[in-house]
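Examination of the molecular architecture
The primary structure of each chain is shown beneath.
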Amino acid sequence: MIRPIRFRMNEQTAINNYYQQKIDLDTKLITKKAQEEFDGLVNVLKEAGVQVIVIDDLLQNDTPDSIFPNNWISFHENGDIGLYPMFAKNRRDERRQDVLEIIEGEGFEIENIVDYSSAEKEEVYLEGTGSLVLDRVNRKAYCALSPRADEELLIEFCEDFEYTPVMFTANQTCDNKRLAIYHTNVMMSIADTFAIVCLDAIDNNKERKNLIKHLKSDGKEIVAITENQVNDFAGNMLQVLGRDKEKYLVMSTRAYKSLSSGQLSKIKNHCAILHSDLEIIEKLGGGSARCMMAEVFLPKI
């Protein structure tokens, strides 16, 4: 997790991230509030026994979205890491060699770096596990194609990392228009025995049925959420392991409050829930709890 040092609304990502909102607050106050929310989530995770590696953003970089590291890097069980091409130019400085060194210093082994970032020169993008929702057990990569998720690069990733692509288009309603959701992980989350997904976002019936078929064939219980709940970041969740390998689903308090008692009951049948207030980060950043965590699956040395 990357602790923000100069957080603000990123004007370069707001072009196609329709969840971002302007707030009339001083930049220093915004950063202070974002840091408090960040620290609050880290504390919630640590109290549950989740191992968290916190790295500070660098002041010299103009990286307002550094708090969302899962978009530029992914860590894999075989020791490989992926580095990804970013749509916004000011997000490209988030890719930092020292982050890899810090991860190795924590006792994790990096075998190979698969770097897709050169695709930026062709204006082709695939923003890590924002664009890719990975079922690591069943080796499937769910991807809602968008300006930040290119089909050919998705297929290249799947060939390199041995995943089966499950492609579709996911839309949201903006100004009475159906526009592509910028990241897959805003509208779906995959856990070990269940999946949270906004089926209403997939307008194409064939694509919707195909996604359902894949999830059900892998034994996932589908917890369907609405578009309004997606707007409250109820799709932006991540399952983690805590103390004694207990499983938790991590989300924001806003997302938690948007869920019905029936949806909460379904989730709690599978695992416990952790939530923390991320109001400023969500409004200005257009991302939530899942985006803030780049999960580490690397082998230990």
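Preceding this section is the structure that the text describes.
Structural notes, computed from the coordinates. Note that the structure is predicted; figures quoted are calculated from it, not measured. (Residues numbered from 1 in each chain as written. Predicted model: local features only at pLDDT ≥ 70, side-chain atom pairs only at ≥ 80, totals over all residues. Heavy atoms only, no water.)

A word on the sheet that holds strand S12 (residues 194-197)
The condition that has to hold: Only when DSSP finds a minimum of two bridges between them are two strands counted as paired. By definition, any uninterrupted DSSP run of H or I lasting at least four residues is a helix, any uninterrupted run of E lasting at least two residues is a strand, and each is numbered from the N terminus. The axes are straight lines fitted to the C-alpha atoms, using for helices just the contacting stretch, and the angles between their N-to-C directions are given from 0 to 180°.
Read from one edge of the open sheet, 3 strands run S11-S12-S13, paired in mixed fashion. Bordering the open sheet on either side are strand S11 (188-190) and strand S13 (221-224), each of which pairs with just one other strand. Neighbour-to-neighbour, the strand axes of the sheet open up by a mean angle of 15 degrees, direction not taken into account. Of the strand pairs in this sheet, S12 and S13 are connected by 4 bridges, and their pairing is parallel.

Things to note about helix H8 (residues 261-268)
Stated formally: Each residue gets one of three labels from its accessible area relative to the maximum for its type: buried under 20%, exposed over 50%, partly exposed in between, using a 1.4 Å probe on protein chains only. Comment: arc refers to directions from the helix axis out to C-beta atoms. Note on contacts: a residue pair is in contact if any heavy atoms of the two residues lie within 4.5 Å.
Inspection of H8 places Gln-263, Leu-264 and Ile-267 among the buried residues, and these make up the whole buried set. Around the axis of H8, the buried residues are gathered within 100 degrees of arc, so they sit on the same side. Here the buried face of H8 lies against S12, S13, helix H6 (227-231), strand S15 (247-252), helix H7 (253-258) and strand S16 (272-276).

Topic: the packing of aromatic side chains
The following threshold applies: Classification of ring pairs rests on two measures: the distance between centres of Phe, Tyr or Trp rings, Trp counted by its six-membered ring, which must be within 6.5 Å, and the angle between planes, read as stacked under 30 degrees, edge-to-face over 60 and tilted in between. To sit over a ring, a charge needs its Lys NZ or Arg CZ within 6 Å of the ring centre and within 35 degrees of the ring normal.
Evaluated as defined, the whole model comprises 5 aromatic pairs. Ring geometry for Tyr-84 versus Tyr-116: centroids 5.8 Å apart, planes at 25 degrees, classification stacked. Taken as a pair, Tyr-84 in the loop between strand S4 (80-83) and helix H2 (97-105) and Tyr-116 in the loop between strand S5 (112-115) and helix H3 (128-131) lie far apart in primary sequence, 32 residues in all. In this structure Tyr-84 comes out as buried when scored by relative accessible area, which is 0%. Members of the aromatic cluster, each reached through a chain of ring pairs, are Tyr-84, Tyr-116, Phe-157, Phe-161 and Tyr-163. We note Arg-139 situated over the ring of Tyr-163; from NZ or CZ to the ring centre the distance is 4.1 Å. Positioned above the aromatic ring of Phe-108, the side-chain terminus of Lys-300 is 4.3 Å from the ring centre.

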